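Geometric and topological summary
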Amino acid sequence: MAEVRALCALCGSREGADSLYREATIRLGVLMAARGMQLVYGGGAVGLMGVLADAVIAAGGRVVGVIPDFLMQKEVGHRRLSDLLITGSMQDRKTRMFEMSDGFIILPGGLGTLDEAFEIITWKQLGLHDAPIVVLNVGSYWDPLIALIGGVIQGGFANRSAADLVTVVDSPDAVFPALEAAPPAARPVLTSHL
Ligand code: AMP
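Computed from a predicted model, the values in this text were never measured in an experiment. (Residues numbered from 1 in each chain as written. Predicted model: local features only at pLDDT ≥ 70, side-chain atom pairs only at ≥ 80, totals over all residues. Heavy atoms only, no water.)

With that settled, consider the site of the ligand. The environment of the ligand is made up of 16 residues, and the closest members are Ser-13, Glu-75, Gly-110, Thr-113 and Asp-115. A distance of 2.6 Å separates an oxygen atom of the ligand from a polar atom in the side chain of Ser-13. Contacts to the ligand include Arg-93, whose side-chain N or O atom sits 3.1 Å from an oxygen atom. Out of a free accessible area of 490 Å², the ligand has 77% covered by protein chains. Of all the secondary structure elements, the ones that give two or more residues to the shell around the ligand are helix 3 (90–99) and helix 4 (111–125). When residues of the shell around the ligand are assigned to their parent elements, the largest contribution, five residues, is made by helix 4. Of the residues assigned to the shell around the ligand, the class counts are five nonpolar, six polar and five charged. (Near = heavy atom within 4 Å. Polar contact = N/O pair within 3.5 Å; in protein donor to acceptor, adjacent residues only side chain to side chain. Areas by Shrake-Rupley, 256 points an atom, 1.4 Å probe, with all protein chains shown as cover. Helix = DSSP H or I, 4+ residues; strand = E, 2+ residues; numbered from the N terminus. Nonpolar A, V, L, I, M, F, W, Y, C, P; charged D, E, K, R; others polar.)

Next up, the structure:
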């Protein structure tokens, strides 16, 4: 059973094609604030990133953004956060977000979200952390991602228990029970040659 006080959200710098994504993101932010769960995220004011930060702030919650200097203009660094950390690189941003969080939520997003999601999933596979990772599969958006992980296992490139590295839920309300119940990463590490 994991107790998550700071939840790192990985999500799109766009809002996506379906208004369901925005609605679910707002609901998640409201629920986080009600639980006193701090949001750690990429610091932008655009897309689902901005939607989530705004929802947590509007509901009285605490939000820490982490953004690299060069993205301050592009992703419009959010100006109303509890704290905004500016890093020198994308890699530093991910490391700081990782260090400040004890749980991760993957919302709908694009290629940047995929990069961040796979980093955090593979770090868990390597035993570098044991934090819960929840995939919010709203509107079945992440079905291809879940199928891809299944295909990797089927193809013999990952242990069967690699599927347990993430917990998949289809609504914001289901995120919190899933964070609490997430199984610890299997030991020894799932990558066979290590
Ligand atoms: P996206 O899902 O592409 O809208 O991007 C979501 C977040 O991921 C944004 O804050 C991007 O700056 C970030 N991002 C984009 N590309 C990368 C990358 N290669 N590594 C890490 N983060 C990235």
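For the pair helix 3 and helix 4, interaxial distance at closest approach is 12 Å and the crossing angle is 55°. If you check the angle between helix 3 and helix 4, you find them oblique. Relative to helix 4, helix 3 is oriented so that their crossing is right-handed. Here Gln-91, Arg-93, Lys-94, Met-97 and Phe-98 of helix 3 lie close against helix 4, whose contacting residues are Asp-115, Glu-116, Glu-119, Ile-120 and Trp-123. Looking at side-chain class alone, the contact of helix 3 with helix 4 contains four nonpolar, one polar and five charged residues. (Axes fitted to C-alpha atoms, helices over the stretch in contact; angles between N-to-C directions. Parallel < 35°, antiparallel > 145°, perpendicular 65-115°, else oblique. Left-handed = near helix turned anticlockwise from the far one by under 90°. Contact = heavy atoms within 4.5 Å.)

This model, assessed by the stated rule, comprises four aromatic pairs. Note on Tyr-21 and Tyr-141: the rings are 5.4 Å apart at their centroids and 65° apart in plane angle, and the pair reads as edge-to-face. Residue Tyr-21 is found in helix 1 (residues 19–34), and its partner Tyr-141 is found in the loop between strand 6 (133–136) and helix 5 (143–154); the two are separated by 120 residues along the sequence. Residue Tyr-141 is classed as partly exposed on the basis of its relative accessible area, which comes to 30%. On the basis of an interplanar angle of 70° and a centroid distance of 4.7 Å, the ring pair of Tyr-141 and Trp-142 is categorised as edge-to-face. By the ring-pair criterion, three or more aromatic residues cluster together here, those being Tyr-21, Tyr-141 and Trp-142. The ring of Phe-176 carries the charged tip of Arg-35 above its face, separated from the ring centre by 4.2 Å. (Phe/Tyr/Trp six-rings, centres within 6.5 Å; stacked < 30°, edge-to-face > 60°. Buried < 20%, exposed > 50% of the residue type's maximum accessible area, 1.4 Å probe, protein only. Lys NZ or Arg CZ within 6 Å of the ring centre and 35° of its normal.)

In short, shape yes, function no, at least from these values alone.
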